[in-house]
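# Coordinate analysis (summary)
Read off the chains here:
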Amino acid sequence: MKELSDIYNHKKVEEEKYENWVKKGYFEAGDLSKKPYSIVIPPPNVTGKLHLGHAWDTTLQDMIIRYKKMQGYDALWLPGMDHAGIATQAKVEARMREEGISRYDIGREKFLEKAWSWKEEYASIIRSQWAKLGLALDYSKERFTLDKGLSDAVKEVFVSLYKKGLIYQGKRIINWDPVQRTALSDIEVYHEDIKGYMYYFKYKIADSDEEVIVATTRPETMFGDTALFVHPDDQRYTHLIGKKAINPANGDELPIMADDYIELGKGTSVMKCTPAHDPNDFVLGKKYHLDMPICMNDNGTMNEICGKYAGMDRFECREALLKDFYEADVVDHLEEIIHPVGHSERSHAIVEPYLSKQWFVKMQPLAQAALENQKTDQNVHFIPERFEKIFSQWMENIEDWCISRQLWWGHQIPAWYHKETGEIYVGKKAPEDLENWKQDEDVLDTWFSSALWPFSTMGWPDHESELYKRYFPTDTLVTGYDIIFFWVSRMIFQSLEFTKQRPFKNVLIHGLIRDEQGRKMSKSLGNGVDPMDVVEEYGADTLRFFLTNNTAPGQDMRYVPSKLTAISHFINKIWNSARFVKMNINHDMSYDDIQLEHLNLPDLWILNKLNKVIENVNVNMDKFEFGNVGSELYDFIWNDFCSWYIELSKETLNGNDSVLKKATQDTLVYVLNSIVRLLHPFMPFVTEEIYLSIPHLKESIVLASWPKTNDQFHNNIIEDQFEYLIDIVKGIREIRHQYVIKNNIEVSYNLTTADSGLENLLKDMAPFISKLCNAKCIGYNKETVKNSANIVIKGGNTLSIDLGQYADMEAEKEKLVKEIAKLQKELERSKKMLSNPNFINKAPAAKVEEEKKKQADYEAKYQTAKNKLENM
């Protein structure tokens, strides 16, 4: 058995334990004699180090997997990482820019070498962070979204969906990132309100003196205009339908057409149509078979159809065009507006709606199957339930998914084009006469491979894979609400399509971590927190307990350093309680079954309490209500075990009865052993250290079983009885405090009770009460003297102490009279101030509120002092 140092030092306690656990294979699944339970880690991106959100997410999973392992399950927690497509490529390219080179300088092959090098560097960092957090991951089964097995799964899915007609290639308006030069899906775009202008320009009508005013927020796209549209019922413009207007940007004649898509009364109700640069215009363009000229290059510069503006950045072109329009008297007026503008989630560039040929997944049938499955008993259970509605609404309104990306890092699309005929071949293997075929250069959206994660990591498409057969579907997914659309929904519909099963039974949703003020953590605000810094300062156990106890499922969490300090104090309390137990047991003894007949009242009470705690913890662990579990354990350990039971045990431990002493020692070991096992999923390191220091059967707490209730310890009466002891002790302590009676003075108390059966119980309690508050019972139902302090305790019984023996009552009364007079004066001052309209109306609101609080405080103190004086 280990010795515990005098002072808890998280750095010493946490060193080397994890390496030992991994080395001995404690986290490896595969015990076929047990029932399986599986979780796959949401794979962190190899873009950088883990942040506090990752620490929260993985700690929740670690708690579940350790709990299930201790319950006797063959628990698999499968680790892995995501190649993260555009995000990683952006990082690698940023590093290359610092070296003065671009991917185009070195070519695809050399660029991919650099990307793989980046992956290895950051994968190693991430594993070291997992170790610091103490995550019970089965590294023997680790996967990566670009490894061969997952690549095979991606090809299988792509080819299958293509053959079913669910993957198709088409020209559509997509979100274009001009910095990364790639397509984006809708959920890779965030919108930000920015200041801009609505530009009102004059379009002359060909062969006429008339003109119409057309409004736009993006003048630079005018080079791609192919028509003007008005509403067919708009009497102002019906005479112009069929005529042509002159595009002031390039002199092109634009047909004036009518369509009821145009909103009557909005702006000038004349709309320019730019089919290649606006999704709504694209729909009109297709409807009327309009040309769809693209006026921009893929890097956001203007192309050759823009004349003298060619080569300019799109926003530079906007300013130059506006200047020229002013000179040509084309500008009618400008209106300043605040409008939502799409930005790339990765490069933060303003996204350009852009006509492009891309690969798409036809979502309607896949989404419908997912929605139908939610109505069956094989549905995915969302925790909290409200998030199922968010999932369903998304699936009901889903658009086709653009899956191609103009990147080099990722799964290259398994499609080839014949160099002469242009024929498309889609397959898991390249065509045999490869010299006549060219593979599509695009890669797949990173979420395409991530969507297969729960089953591709298990060996699918090999349906006979032992992992797949044993551990899929997985039991629980833990993730944030911010990726329900990105990831959760896609895993569900892909799993149903390819395995005919849900990917997981439960999905536990958590929120985001915000700073103390409730702001989202970001580099721009400088309020981000590195979890490794927190581990360094407070220890992993402290961070883990904080992350799992400060919010309910689905809610955001605030990072509050003062709470970490409080948790450190809690761990110190646990540490010191373990040291107390160690110092008060005989290590040569055997701690077998506790003999009930030798247990005293506190022993019986704490064991009954422990039973109830285990029951409540089990219920809340199974509901994923970890905050409730933490509160239950904190209260039991700090109050019941440390503040009450340990203090009460000293009476027996210091006594001469060896039988009773052995019973209390057995109880101390039993309860401490249970405590560290209950705490283990929260605090793996300190619980291992303590577990190894007390009598036990296993070589590590990781292998220990989850505590169970003991029917012999159930006692419906004991808690009710023990409340008398607690109330008496609290009552005596309150009287000591009120009348300033020093703790070294033994006080005598009298109990008045109508319960004839209470006297024997209280006699049993008397030695413990004496130990806790230096007091002796002088009798029951004795007549109380005038100068007694009385406190009503449980059951309406009264505790009395004759104060004449311990306090100068006349002096106490005099002090109270003075205090009452002082409080009365303050109350009058405060009431006068708060009844003054000048103060109420002119003083700052905070000042008025502060004065109201003062008045309430004076009133409470005044009433307490008066009551006290009356009692005396």
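Conventions adopted
Residues numbered from 1 in each chain as written. Predicted model: local features only at pLDDT ≥ 70, side-chain atom pairs only at ≥ 80, totals over all residues. Heavy atoms only, no water. UniProt positions renumbered as here; feature names shortened; annotations may be inferred. Helix = DSSP H or I, 4+ residues; strand = E, 2+ residues; numbered from the N terminus. Rg over C-alpha atoms; globule rule 2.2 N^0.38 Å. Buried < 20%, exposed > 50% of the residue type's maximum accessible area, 1.4 Å probe, protein only. Contact = heavy atoms within 4.5 Å. Areas by Shrake-Rupley, 256 points an atom, 1.4 Å probe, with all protein chains shown as cover. Salt bridge = Lys/Arg side-chain N within 4 Å of Asp/Glu carboxyl O. Pairing = 2+ DSSP bridges. Axes fitted to C-alpha atoms, helices over the stretch in contact; angles between N-to-C directions. Right-handed = clockwise from strand over helix to strand, strands pointing away. Domains from an automatic or database assignment. Polar contact = N/O pair within 3.5 Å; in protein donor to acceptor, adjacent residues only side chain to side chain. Phe/Tyr/Trp six-rings, centres within 6.5 Å; stacked < 30°, edge-to-face > 60°. Core = buried A, V, L, I, M, F, W, Y, C linked by side-chain atoms within 4.5 Å.

Going by the annotation in an unreviewed UniProt entry, the name recorded for the protein is Valine--tRNA ligase, with Eggerthia catenaformis OT 569 = DSM 20559 given as the source organism. As recorded by UniProt, the Catalytic activity (unreviewed entry) comment attached to the protein reads in full: "tRNA(Val) + L-valine + ATP = L-valyl-tRNA(Val) + AMP + diphosphate". Per UniProt, the protein carries the Sequence similarities (unreviewed entry) text "Belongs to the class-I aminoacyl-tRNA synthetase family. ValS type 1 subfamily."

Quick look at the overall build of the protein now. Helix and strand counts for the protein stand at 26 helices and 29 strands. Here the C-alpha radius of gyration of the protein, 37 Å, is well above what a compact globule of 872 residues would show, namely 29 Å. Its C-alpha atoms give the protein principal-axis dimensions of about 115 × 80 × 55 Å. Counting only residues that meet the buried cut, the protein has 53% of its 872 residues in that class. Nonlocal contacts in the protein, meaning residues at least 24 apart in sequence, comprise 76% of its contacts between residues at least 6 apart. Carbon and sulfur atoms make up 48% of the accessible area of the protein, which amounts to about 40100 Å² in all.

Where charged atoms of side chains with opposite charge meet at close range, the side chains can pair. One pass over the structure, following the stated rule, counts 47 salt bridges. For R103, the salt bridge identified is with E93, shortest N-O distance 3.3 Å. One end of the pair, R103, is in helix α5 (residues 103-133); the other, E93, is in helix α4 (residues 85-98), with ten residues separating them in the sequence. Take R103 and E93: they sit in the same class, and that class is buried. One connected set of salt bridges, linked through shared partners, spans E188, R405, D445 and R490.

Taken together, four strands build an open sheet; the order of strands is β27-β26-β29-β28 and the sheet is mixed. For this open sheet the edge positions go to β27 (775-780) and β28 (788-792), each flanked by a neighbour on one side alone. Taking the axes of each pair of neighbouring strands and ignoring which way they run, one obtains an average angle of 30° across the sheet. Of the strand pairs in this sheet, strand β26 (residues 747-752) and β27 are connected by five bridges, and their pairing is parallel. Within the sheet, the bridge partner assigned to L751 lies in β27 and is Y780. Contacts between helix α23 (residues 758-773) and the sheet are confined to β26 and β27, with β27 contributing the most and set at about 155° to the helix.

Turning to the pairing of strand β1 (residues 36-40), a few remarks are in order. Consecutive side chains of a regular strand alternate in pointing toward one face of the sheet and then the other. Buried residues dominate β1, accounting for four of its five residues. You can see the chain leave β1, run along helix α3 (residues 52-70) and come back into strand β2 (residues 74-78), and the turn it takes is right-handed.

Right, let's get into the sheet that holds strand β23 (residues 504-510). Strand pairing within a sheet occurs via backbone hydrogen bonds; the two strands may be parallel or antiparallel. Pairing is parallel in the open sheet, where three strands are placed in the order β15-β23-β22. Of all the strands in the sheet, just β15 (381-383) and β22 (474-480) have a single pairing partner and so form its edges. With direction set aside, neighbouring strand axes in the sheet form an average angle of 20°. When β15 meets β23, the two strands line up parallel, connected through three bridges.

On to the domain arrangement of the protein. Per the domain assignment, the segments making up the protein are domain 1 (182-352), domain 2 (540-715), domain 3 (719-807) and domain 4 (811-871). Placing the centre of domain 1 and that of domain 2 at their C-alpha centroids yields a distance of 70 Å.

In this fold, H510 is placed in strand β23. When its relative accessible area of 7% is taken as the criterion, H510 is described as buried. One polar contact links H510 to D57, side chain to side chain, over a distance of 2.7 Å. Among all residues touching H510, those that are not within four sequence positions of it are W56, D57, L60, V478, T479, G480, Y481, G554 and Q555.

Turning next to the pairing of strand β18 (residues 415-418). The sheet contact formed by β18 and strand β19 (residues 424-426) spans three bridges and is antiparallel. Following the sheet pairing, Y417 is matched in β19 by I424. In this antiparallel pair of consecutive strands, β18 and β19, the connection spans five residues, and G422 shows a positive phi of 80°. The pairing of β18 with strand β20 (residues 437-439) spans three bridges and is antiparallel. For W416, the partnering residue across the bridge sits in β20 and is Q439.

A few words now on the packing of aromatic side chains. A full pass over the atoms with the stated rule returns 45 aromatic pairs. With centroids separated by 6.2 Å and ring planes inclined at 15°, the aromatic side chains of F387 and Y481 adopt a geometry described as stacked. Highlighted residues: F387 in helix α10 (residues 386-396) and Y481 in the loop between β22 and α14 (484-499), separated in sequence by 94 residues. Looking at F387, the relative accessible area reads 5%, which means it is buried. On the basis of an interplanar angle of 65° and a centroid distance of 5.7 Å, the ring pair of W460 and F498 is categorised as edge-to-face. Here W460 is found in the loop between α12 (453-456) and α13 (466-471), whereas its partner F498 is found in helix α14, with 38 residues between them in sequence. Residue classification places W460 among the buried positions, given a relative accessible area of 3%.

Moving on, we get to the nonpolar core. Counting residues in each nonpolar core, the largest one holds 200 residues, and the members touching the most others are F448, F641, L725 and I732. With twelve residues, the top contributor of residues to this core is helix α19 (residues 626-653). Domain assignment of the residues forming this core places at least three in each of domain 2 (540-715) and domain 3 (719-807). In this view, L725 contacts W644, L648, M765, F768, I769 and L772; residues no more than four positions away in its chain are not counted. If you look at the next biggest cluster of nonpolar residues, it comprises 35 residues, including L228, M296, Y309 and C402.

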